Amino acid sequence: MLILILCYILMNLAGFILMKIDKERARNHHYRISEKTLWLTAIFGGAAGMTLGMNQFRHKTKHLQFKVGLPVLGLAELGLILYIVAILS
């Protein structure tokens, strides 16, 4: 159970950092992180961190799929984690 929680925290931290890196690359007109990579990170547990990063760095906030999809996915992932922890306790 502890490993599951640590993985969840690490994926959210990775998602937050990816949003920061992609925003910096966008500002500097450098090669960007693909939306596919961003979504895969979100799907594998990083959606809440990416949502925080999106709001913190004001990145991808005009894209409806990110503006709505990331928070919804983040809540679903959090609910799933809480459900699994409750079952395993």
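Residues numbered from 1 in each chain as written. Predicted model: local features only at pLDDT ≥ 70, side-chain atom pairs only at ≥ 80, totals over all residues. Heavy atoms only, no water.

With that out of the way, let us pick up unusual backbone geometry. One non-glycine residue, His 29, lies in positive phi territory at about 60°. Within the secondary structure, His 29 sits in the loop between α1 (2-27) and α2 (35-57). In this structure, Arg 58 is a non-glycine residue whose phi angle is positive, near 50°. Along the chain, the position of Arg 58 falls in the loop between α2 and α3 (64-88). Arg 58 gets classed as exposed once you look at its relative accessible area, which sits at 67%. (Helix = DSSP H or I, 4+ residues; strand = E, 2+ residues; numbered from the N terminus. Buried < 20%, exposed > 50% of the residue type's maximum accessible area, 1.4 Å probe, protein only.)

Moving on: the side chain of His 59. Turning to its location among the elements, His 59 is positioned in the loop between α2 and α3. The exposure class of His 59 is buried, given its relative accessible area of 5%. The contacts of His 59, once residues within four sequence positions are left out, are Met 19, Asp 22, Lys 23, Ala 26, Arg 32 and Met 54. (Contact = heavy atoms within 4.5 Å.)

Our focus in this paragraph is the confidence of the model for the protein. Confidence in the prediction of the protein, expressed as mean pLDDT, is 96, and 100% of residues score 70 or more. Within the protein, the lowest mean pLDDT, 95, falls on α3, and the highest, 97, falls on α2. (pLDDT = per-residue confidence, 0-100.)

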